[in-house]
Amino acid sequence: MQVIYEDNHIIIVSKRSGEIVQGDKTGDEPLSDTVKAYIKEKYQKPGNVFLGVVHRLDRPVSGLVCFARTSKALPRLNDMFRNGDVHKTYWAIVQNKPSQAEGTLEHWLVRNEKQNKSYAYTCERPQSKKAVLKYRVIGQSDRYYLLEVNLLTGRHHQIRCQLAAIGCPIKGDLKYGARRSNPDGSISLLSRKMEFVHPVSKENISVTAPLPDDPLWHCFGVE
């Protein structure tokens, strides 16, 4: 965990792939507990530390995660994430080049809870939710392409599912059609940038996650 931004109301950290944001049935220590311990130690706080989870990243994904540090900021951040007032930019490494260098993808996603997977359709289906994202190719190596993705909706496994639907599964993402896994179990998807108006101070906040240690991320000529 690396702290990217913090003030009295908000803390934003860069999570490593493999970390879970919130506790689940695995019993592994979640990122939320790690952040609480960091706050408790840094500020010498007695008793329990308040920390609100306002969004999540899939376990194999790395990058920016925002938490609320106060009960004042929590409902406001929840509303901002729900209403799309937090602009999130992702970077994804894919093996296949999209047919267009940039575009908007619209699908109807159906989530299968048992499989923990979403399926993309071109028209509305029962229990489906509309998913929209914009992408553009921003780099390429001899074997891979780097895409910048902006989410316009927030659906389960949305980027993973929609990119797979156009024949561009994310590197390492076996669940959505990648040919092989990454050695560390990650998928090559990074929550790269987050921009929003601070829910309390009303300042413009813009933060960027560092690139993962994997040399592949650094071979596209964009930092």
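Keep in mind that what you see is a predicted model, and the values were worked out from it rather than measured.

Parameters at a glance
Residues numbered from 1 in each chain as written. Predicted model: local features only at pLDDT ≥ 70, side-chain atom pairs only at ≥ 80, totals over all residues. Heavy atoms only, no water. 1 Å grid on protein atoms, 1.4 Å probe; cavity = no way out; pocket = protein on both sides within 12 Å on 5 of 7 lines; lining within 4 Å. Points joined across faces, edges and corners; volume = space filled by probe spheres on them. Helix = DSSP H or I, 4+ residues; strand = E, 2+ residues; numbered from the N terminus. Nonpolar A, V, L, I, M, F, W, Y, C, P; charged D, E, K, R; others polar. Phe/Tyr/Trp six-rings, centres within 6.5 Å; stacked < 30°, edge-to-face > 60°. Lys NZ or Arg CZ within 6 Å of the ring centre and 35° of its normal. Core = buried A, V, L, I, M, F, W, Y, C linked by side-chain atoms within 4.5 Å. Buried < 20%, exposed > 50% of the residue type's maximum accessible area, 1.4 Å probe, protein only. Contact = heavy atoms within 4.5 Å. Salt bridge = Lys/Arg side-chain N within 4 Å of Asp/Glu carboxyl O. Arc of directions from axis to C-beta.

## Observations concerning the layout of surface pockets
Item 1. Its volume calculated, the second largest pocket comes out at about 430 Å³.
Item 2. In terms of lining residues, the second largest pocket is bounded by 22 residues, among which Arg 16, Ser 17, Ser 62, Pro 212 and Asp 213 are the most central.
Item 3. Elements represented by at least two residues in the lining of the second largest pocket include exactly β2 (10-15), β4 (62-68) and β10 (189-197).
Item 4. The residue makeup of the lining of the second largest pocket, split by class, is nine nonpolar, eight polar and five charged.

## Observations concerning the packing of aromatic side chains
Item 1. Scanning all chains against the criterion turns up zero aromatic pairs.
Item 2. The cationic tip of Lys 117 hangs over the ring face of Tyr 176; the distance from NZ or CZ to the ring centre is 5.5 Å.
Item 3. Note that Arg 192 overlies the ring of Trp 91, its terminal NZ or CZ placed 4.2 Å from the centroid.

## Quick notes on the nonpolar core
Across soluble globular proteins, you tend to see nonpolar side chains buried next to one another.
Item 1. Ranked by size, the top nonpolar core spans 28 residues in total, and within it Val 35, Phe 67, Ile 159, Leu 163, Ile 170 and Leu 189 carry the most contacts.
Item 2. Not counting residues up to four positions away in its chain, the partners in contact with Val 35 are Met 1, Ile 11, Val 13, Leu 51 and Phe 67.

## Observations concerning the pattern of salt bridges
Should the charged atoms of two oppositely charged side chains come close, the side chains can pair.
Item 1. This structure, assessed with the given rule, holds 10 salt bridges.
Item 2. A salt bridge links Arg 160 to Asp 58; the nearest nitrogen and oxygen atoms lie 3.1 Å apart. Highlighted residues: Arg 160 in helix α3 (residues 158-165) and Asp 58 in the loop between β3 (52-53) and β4, separated in sequence by 102 residues.
Item 3. Residue Asp 58 is classed as partly exposed on the basis of its relative accessible area, which comes to 25%.

## Focus: helix α2 (residues 73-83)
Item 1. Along α2, the positions that sit buried rather than exposed are Ala 73, Leu 77, Met 80 and Phe 81. One side of α2 holds all its buried residues, which, seen down the axis, span an arc of 95 degrees. Away from its buried face by more than 90 degrees, α2 exposes Arg 82 and Asn 83.
Item 2. Packed against the buried residues of α2 are β2, β4, β5 (87-94) and β10.
Item 3. Backbone geometry just after α2 places Gly 84 at a positive phi near 80 degrees.

## A word on the environment of Leu 74
Item 1. By the secondary structure assignment, Leu 74 is in helix α2.
Item 2. Each C-alpha atom of the pair Leu 74 and Ala 120 lies 32 Å from the other, and the pair is 46 residues apart in sequence.
Item 3. Setting aside anything within four residues of it in sequence, one finds Leu 74 in contact with Phe 50, Gly 52, Val 53, Val 54 and Ala 68.

## Re the environment of Val 13
Item 1. One can find Val 13 in strand β2.
Item 2. Take Val 13: its relative accessible area is 0%, and that puts it in the buried class.
Item 3. Spatially, the C-alpha atoms of Val 13 and Gly 63 are 7.7 Å apart, while their sequence positions differ by 50 residues.
Item 4. When sequence neighbours within four positions are dropped, the list of residues in contact with Val 13 reads Met 1, Gln 2, Val 3, Ile 4, Leu 31, Val 35, Gly 63, Leu 64, Val 65 and Phe 67.

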